[in-house]
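# Breakdown of the fold
Chain by chain, the residues run as shown.
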Amino acid sequence: MISFVPQLARMLANPFATALTIILFGTAMPHVHAQDFPNKPIRWLVGFPAGGGTDFLARTVGHQMSVQLGQPVLIDNKPGAASSIAAETAAKSSPDGYTLVTADNAVLVFNPVLYKKLGYDPERDLSPVGLMARFPLILAVSPNSGITTAQQWMDIVKKSPGKFSYASPGVGSPHHLAMELIKLRLGLFAVHVPYRGAAPAVQDVAGGQVPMMIVESGGGLPMITAGRLRALAVLSAKRMPALPDVPTFAELGYKDLEVYAWQGVAVPKATPKPVIDKLSVELQKAVTTPDVVRKLNDLGIEVSPSNANFMNEYAAAERRLWQPLIRRSGIRAE
């Protein structure tokens, strides 16, 4: 390993050499880091508990990346506050490429307007690496609700504003905000019942305690195929292969209801670009590996690989859609 300490001391004694020092450490060092990277384990922060769809995605992709890179990719679950704990931890970590974080709708789009105080700024403190996948969202009801079609659901809810409630995994979750968007576009009113996590919300809808909710494919599809939830419509661009008989909202006449829960990867902001580029290439390669694609597709998860630039543009477009809606609705996570 090359040591720069003696050379650095001599340079600082010469004011003309200071500029050379800046050039050396500002340009050459990132190249050295990228060339050697990675030479130790990589930590991947996940803002949800082990066992859920987000954790499954990170572990599946992370395992494949570890095979490709020749270094372990270790999943570190830091749940809480809509992934802001994990995001803040990443933002304050060394910008060397050895700390990744799952960056989703909440981390990059929702949290800055949901929370008055946030320990990180997504645009200032994090750099996108690339998208991994999208989780299609599904409007689902309890099987004993008596509702069998999306049109019937719309008619019933519209005729009785405020009579019906809907569950979600929590305030500001993609599930919650997707239903708020549906209410806005369709002119409906239903009462939000937030839960602490998707599992208890889904269980109560399945049991009939709450009549409906938006579920994502990773957690909701097994309940639908088991007959414990009834799917009425999907918010994706096309019908889901696993639910070929369930229409899209576009087919029902609502073309502005194509939304997803999506997830990518980010790193601390000052991470050298060559390192980000290498991580991006490896991430896209991992996500498109046939075994990974099969595992994700089995849960209805759409593989959506991208580079850092596309992810940055995608997040910006999502901010333009969701942040005005959150402000207009007065939704707060505190």
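In the block above lies the structure referred to throughout.
Okay, so let's go over this structure. Numbering of residues starts from 1 in each chain and follows the order in which that chain's sequence is written. In keeping with the model being predicted, local features are shown solely for residues with a pLDDT of at least 70 and side-chain atom pairs are shown and tallied solely at 80 or more, while totals for entire chains, interfaces and linings include all residues. Side-chain numbers come from the whole structure's heavy atoms, not from hydrogens or water.

## A closer look at unusual backbone geometry
As a rule of thumb, non-glycine residues mostly have phi less than zero, and peptide bonds are mostly trans rather than cis. Along the chain, F37 connects to P38 via a cis peptide bond; the corresponding omega equals -10°. Put simply, DSSP marks the helices as runs of H or I at least four residues long and the strands as runs of E at least two long, and each gets a number from the N terminus on. Secondary-structure assignment places P38 in the loop between α2 (15-36) and β1 (42-46). Of note, A81 is a non-glycine position whose phi angle comes to about 50°, a positive value. In this fold, A81 is placed in the loop between β2 (73-77) and α4 (84-91). Even without a glycine there, the phi angle at A82 is positive, about 55°. Topologically, A82 is positioned in the loop between β2 and α4. In this structure A82 comes out as partly exposed when scored by relative accessible area, which is 26%. Throughout this description, buried means an accessible area under 20% of the type-specific maximum (1.4 Å probe, protein chains only), exposed means over 50%, and partly exposed covers the range between.

## Things to note about the side chain of E216
Mapping E216 onto the fold places it in strand β7 (residues 212-216). By the counting rule applied here, Lys and Arg register as positive and Asp and Glu as negative, while His and the ends of each chain are not counted. For this document, the term salt bridge refers to a Lys or Arg side-chain nitrogen within 4 Å of an Asp or Glu carboxyl oxygen. One buried charged side chain, E216, makes no salt bridge at all; its nearest oppositely charged neighbour is R134, positioned 13 Å away. A polar contact is formed between the side chain of E216 and the backbone nitrogen of G219, at a distance of 3.2 Å. Every residue pair with non-hydrogen atoms within 4.5 Å of one another is taken to be in contact. Apart from residues no more than four positions distant in its own chain, E216 is found in contact with F135, P136, L137, H175 and L221. Any pair of N or O atoms that falls within 3.5 Å is considered a polar contact. Within protein, one atom must be able to donate a hydrogen and the other to accept it, and sequence-neighbouring residues count only if both atoms are side-chain atoms.

## Notes on the packing of helix α7 (residues 150-159) against helix α8 (residues 174-186)
The convention used is that axes are lines fitted to C-alpha atoms, helices contributing only their stretch in contact, and that angles between N-to-C directions extend from 0 to 180 degrees. Packing of α7 against α8 leaves a shortest axis separation of 12 Å and a crossing angle of 75°. Taken together, the axes of α7 and α8 are roughly perpendicular relative to one another. Of the residues in α8, those in contact with W153, M154 and K158 of α7 are M179, I182 and L186. Each residue gets one label: Ala, Val, Leu, Ile, Met, Phe, Trp, Tyr, Cys and Pro are nonpolar, Asp, Glu, Lys and Arg are charged, and the others, such as Gly, are polar. Across the contact of α7 with α8, the residue classes break down as five nonpolar, no polar and one charged. The scheme is simple: roughly parallel for angles under 35 degrees, roughly antiparallel for over 145, roughly perpendicular for 65 to 115, oblique for anything else.

So yeah, pure geometry; function would need other evidence.
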